[in-house]
Each structure stands twice: as C-alpha cells, then as structure tokens.
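The lines below spell out each chain.
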Amino acid sequence: MIKDKMSLAYALELDAKDPLIDYRNKFHIPKDESGNEWIYLCGNSLGLQPKNTESYIKQELKDWANLGVEGHFEAKNPWMPYHEFLTKSMAKIVGAKPIEVVVMNTLTTNLHLAMVSFYQPSSTKNKIVIESDAFPSDRYAVESQLRFHGFDPKDHLIEWKPRVGEELLHIEDLQKIIDENSEDIALLLIGGVNYYTGQFFDLKKIAEMGRQIGAKVGIDLAHGVGNIQPDLHNANVDFAVWCTYKYMNSGPGSLGGLFVHEKYANQKNIKRFTGWWGHNKKTRFNMRHDFDAIPGAEGWQLSNPAILSMAAIKASLDIFNEVGMDRLREKSVKLTGYLEMLLQELGEDVIKIITPKDSKDRGCQLSMQIKSADKSLHQKLTDNHVITDWREPNVIRVAPTPLYNSFEDVYKFVEVLKKSINE
Ligand SMILES: Cc1ncc(COP(=O)(O)O)c(C=O)c1O
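The sections below set out a description of the structure shown in this document.

Rules behind the numbers
Residues numbered from 1 in each chain as written. Predicted model: local features only at pLDDT ≥ 70, side-chain atom pairs only at ≥ 80, totals over all residues. Heavy atoms only, no water. Helix = DSSP H or I, 4+ residues; strand = E, 2+ residues; numbered from the N terminus. Buried < 20%, exposed > 50% of the residue type's maximum accessible area, 1.4 Å probe, protein only. Contact = heavy atoms within 4.5 Å. Lys, Arg positive; Asp, Glu negative; His and termini not counted. Charge placed at Lys NZ, Arg CZ, Asp CG, Glu CD. Pairing = 2+ DSSP bridges. Axes fitted to C-alpha atoms, helices over the stretch in contact; angles between N-to-C directions. Polar contact = N/O pair within 3.5 Å; in protein donor to acceptor, adjacent residues only side chain to side chain. Parallel < 35°, antiparallel > 145°, perpendicular 65-115°, else oblique. Nonpolar A, V, L, I, M, F, W, Y, C, P; charged D, E, K, R; others polar. Patch = residues over 30% accessible without salt bridge, like charges linked within 9 Å, V, L, I, M, F, W, Y side chains within 5 Å. Areas by Shrake-Rupley, 256 points an atom, 1.4 Å probe, with all protein chains shown as cover. Salt bridge = Lys/Arg side-chain N within 4 Å of Asp/Glu carboxyl O. Phe/Tyr/Trp six-rings, centres within 6.5 Å; stacked < 30°, edge-to-face > 60°. Lys NZ or Arg CZ within 6 Å of the ring centre and 35° of its normal. 1 Å grid on protein atoms, 1.4 Å probe; cavity = no way out; pocket = protein on both sides within 12 Å on 5 of 7 lines; lining within 4 Å. Points joined across faces, edges and corners; volume = space filled by probe spheres on them.

**Observations concerning the overall build of the protein**
So, step 1. Along its length, the protein carries 14 helices and 13 strands.
So, step 2. Projected onto the principal axes, the alpha-carbon positions of the protein cover approximately 70 × 60 × 35 Å.
So, step 3. Counting the 423 residues in the protein, one finds 56% classified as buried.
So, step 4. For the protein, the share of sequence-separated contacts (at least 6 apart) that also reach a separation of at least 24 residues comes to 69%.
So, step 5. Of the side chains in the protein, 51 bear a positive and 57 a negative charge, and the two mean positions are spaced by 3 Å.

Laid out in structure tokens, this is it:
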C-alpha cells in the first residue's frame, strides 16, 4: 500500500525497498551522548569512515612494524606498486582507462601539475576561463599560474557568470565567451559539479567547445567523483583532478587523483614538473640522470606516495567496486528527489533550492537558500546533530549520500529543519 508520501512511514517503506540499505552498516555513523545516530548529510565535505578502513591501515602498520623497509616488496600489499592497486577501480569510477588515472598528492597540487602541462600560453593565446563562483583554491591556483607566466589575472581570467538574478550557469553563455575570445583562450577550467550550486555540467559538450578553439579543458571533480558518472574518457577532456575525502570516504586530507587523457599517454616530451616516481619503473632505482616518463597519468607522479592514506582509499574503493556506480547513482537520484519533494512542500516563500531540478544536471547535493534565515539556522541544525554545511553568503548544502544515508535520514532532516525555521 502506498503511504502518505509526507509520512515517516513512507520513508521507512522506501528504506525497506532499498537494495543498498545494508551498506549503511559498513560505515561509522557518528552518535550523540545518548547513542542516537547523527543525521549526517555532509558527504560533500567529508565522507564518513568505512568500518573496513581500520583493518586496511592496520595491515600496513603491521607490515611496517614487522618488515621495516622490506615492506616495499614483502608487505602483503607491497608498497612499491601500491598505487597501482587503486588505479583500475578509480578509473572505473571516473569513466577512464587505467592508463589515464593515478592517485597521488592532493587536488590543488595536481591542478598545478596539470596546468604546468596543459596551460601553455603564448603571447596571444593565454586566457583562462573559470566559473565566477569556482572553488577559491581553483581560483588561487589559476591566478598564480597566470602571474607565473607574466599575465595579470584582471585581464586574462574570464569568469563564466550566472545571469543577473540567477545562480545557475547557462552553457550558451560559455559558448558566447568562447565565440568572443576564440583567439585568446588557452584553457577552460570547470568544476564538473559546482561546489556551491551542485550544478553538473555537460563535460563532453564543454570539451568539444574547448577543442573547437584549440583550448585545453580541465575539470575539477572534487564534488563529482563517487557522486556522478563523469565518463571522462568519452567526454574527451584533457585532464581532471579530484580529492578522495568527500564522496570517496577516504579520510581527512587523503590523497587526490589525476586524469590525463589517453591521447597524451605517450607524449613523453610534454612539458611537466617531474619527480622520481614518474620515471620508468624498470630503471627508477638505477638513479640515472635522464628522466624517462612512465606512459600515461603515472608519468606525472613526483614522490613515493603515502601508503597509510592509500590504504584508506583502497578500503573505500573495495566498497565502491562491490556496489558499482550505476546502482549508487540510481539510488542517489531517488534519494535526492525525495529530499527535493519534502523541501518543496515547505513552499517557495520559505525555501529556494538553487540546484538544477533535472537529475541529469546534478549529483546528490541540493543547495538551498532559506528566506529570512542566516547562519544561526545552520547552527541550530548542528546543535540537533543534523550535519549539513553552510556556504557564504546564504546557502545550506545538503548531500544525501547514497552509500550510507537512508530515506529516514532525509525525512528526519526536514523535520528538524521545519522545527528550526519555526523556532
Ligand atoms: C571544488 C573543490 N576544489 C578544490 C578543493 C581543494 O582541495 P584540496 O585541499 O584537496 O587541494 C576543494 C576542497 O574542498 C573543493 O571542494
């Protein structure tokens, strides 16, 4: 029997029918003093800890304790090739070929490394396009790259802006920027899923637009990886970067990822900043002078990587592998659609959802502006152990994460929100 869609009973019915509901038990859900689970809707900021993470990290600690340096070859998961154990699964998640993906460094570092290779300005073709509300770190990185090459960001950074009175971006406006600056633009750097609005862009279209004017296209997938299916290889973007501490649940500050399209895999002479870990594995320890890049994304590595962080990533990837992005995405569309339905019931005079309405244009996150409310509302939610996040000037971001959030979580969140608004 279909229950009243606004009732708790309906949420429970949806959970009972959810084929992924048991995955929630694979995560540590934070609890209050009385042992009640928090309503955690903040996977867009920091994903929860999988219960298997501890054993994966302990394995490496044990091998380090028992084997010391021999662990590089003798550990259960030898450290020398450890990053290779992550590549196939990570590539599947972002829709790439293994040769196109490597786990290394952190997002902003990878962004700089990618720009060293893919932002090669000339005296005339040197401008970079970003979203006007791009994540600050991306803006700082881009501005510093412009200055590094002797260009003033005031004249060489082009912002793709929302129209007056709107929050979302129109692809037609990006096309207009491209048409008007076709000779000048060297790079488009776009957040695959915008961190503020949750808008998911048509990456294939953007890559095509860039290619038509001979500009490179890079994507920041911080809010996309493990959330939407970016299909990077087929989208034909030049590069992408991401972190693993949000939807990939790999722990605070955990390592990031880099995608470099296969078409560059064997271009050994492409300009890049180099380190020994990007050097030919067969001769790396011969300590030769000449750098010989590993084909593919691995050739951008600098240093021997943080194994403890990679162990956490491996723990998470093993869960993603089991579930598969298709099933996750299927649940995500339902879960976020359910949240949207409950929020819409509050009325547009109370709440405005700025995230696109069409599920193909968004991931799991909804960004909302609550009329006549300020940051104190977010504080009230937090005081009730309802974890969302606040972004200046006036947005609460809520991300029901399909791996561990339930329809009941979403129902309870809206109940606490209603109570907090009315207090
Ligand atoms: C969209 C986006 N880009 C870049 C970053 C910066 O990431 P990192 O600190 O790992 O370099 C973040 C961090 O939250 C982000 O959300």
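**As for the sheet that holds strand β12 (residues 389-391)**
So, step 1. Across the sheet, which stays open at both edges, the four strands sit in the order β9-β10-β13-β12 with antiparallel pairing between neighbours. Two strands lie at the open edges of the sheet, namely β9 (351-353) and β12, each paired on one side alone. Across this sheet, the average inter-strand angle for adjacent strands is 35°, counted without regard to direction.
So, step 2. Strand direction decides the pairing type here: β12 and strand β13 (residues 395-398), joined by three bridges, are antiparallel.

**Some details on the side chain of D133**
So, step 1. By the secondary structure assignment, D133 is in the loop between β3 (127-131) and α6 (136-148).
So, step 2. Among the polar contacts listed, one links the side chain of D133 to the side chain of N194, at a separation of 3.0 Å.
So, step 3. Not counting chain neighbours up to four residues away, the residues in contact with D133 comprise N194, Y195, Y196 and T197.

**Describing the packing of helix α1 (residues 8-17) against helix α14 (residues 407-422)**
So, step 1. The interhelical angle for the contact between α1 and α14, taken along N-to-C directions, is 155°, at an axis separation of 8 Å. The angle between α1 and α14 falls in the class roughly antiparallel. Packed against α1, whose contacting residues are L8, A11, L12, L14 and D15, the element α14 presents F407, E408 and Y411 at the interface.
So, step 2. Broken down by class, the residue content of the contact of α1 with α14 amounts to six nonpolar, no polar and two charged.

**Notes on a nonpolar patch on the surface**
So, step 1. Together, L61, W64 and L308 line one region of the surface with nonpolar side chains, adding up to about 300 Å² of accessible area.
So, step 2. Mapped onto the elements, L308 comes out in helix α11 (residues 307-323).
So, step 3. Looking at L308, the relative accessible area reads 36%, which means it is partly exposed.

**Regarding the packing of aromatic side chains**
So, step 1. The final tally for this structure, using the stated rule, is 13 aromatic pairs.
So, step 2. Here the aromatic rings of W276 and W277 are separated by 4.8 Å at their centres, their planes lie at 70°, and the arrangement is edge-to-face.
So, step 3. Between W276 and F285 the ring centres are 5.4 Å apart and the planes differ by 70°, which places this aromatic pair in the edge-to-face class.
So, step 4. On the accessibility criterion, W276 (36% relative accessible area) is partly exposed.
So, step 5. Overall, F285 belongs to the partly exposed group, its relative accessible area being 45%.
So, step 6. Of the aromatic side chains, those joined through ring pairs into one cluster are F118, F239, Y264 and W300.
So, step 7. The aromatic ring of W300 is capped on one face by R272, whose charged end is 4.0 Å from the ring centroid.

**Things to note about empty space enclosed by the protein**
So, step 1. In this structure the tally under the stated criterion is one cavity of 30 Å³ or more.
So, step 2. Approximately 30 Å³ is the volume attributed to the largest cavity.
So, step 3. Lining the largest cavity we find M368, Q369, I370, A373, W390, N394 and I396.
So, step 4. Take the lining of the largest cavity: its biggest share by element is three residues, from strand β10 (residues 366-370).
So, step 5. Per-class residue counts for the lining of the largest cavity are five nonpolar, two polar and no charged.

**So, the environment of E423**
So, step 1. Within the secondary structure, E423 sits in the segment after α14.
So, step 2. You can call E423 exposed: its relative accessible area is 59%.
So, step 3. Between the C-alpha atom of E423 and that of L377, which follows or precedes it by 46 residues, the distance is 9.6 Å.

Nothing here speaks to function; it is all geometry.
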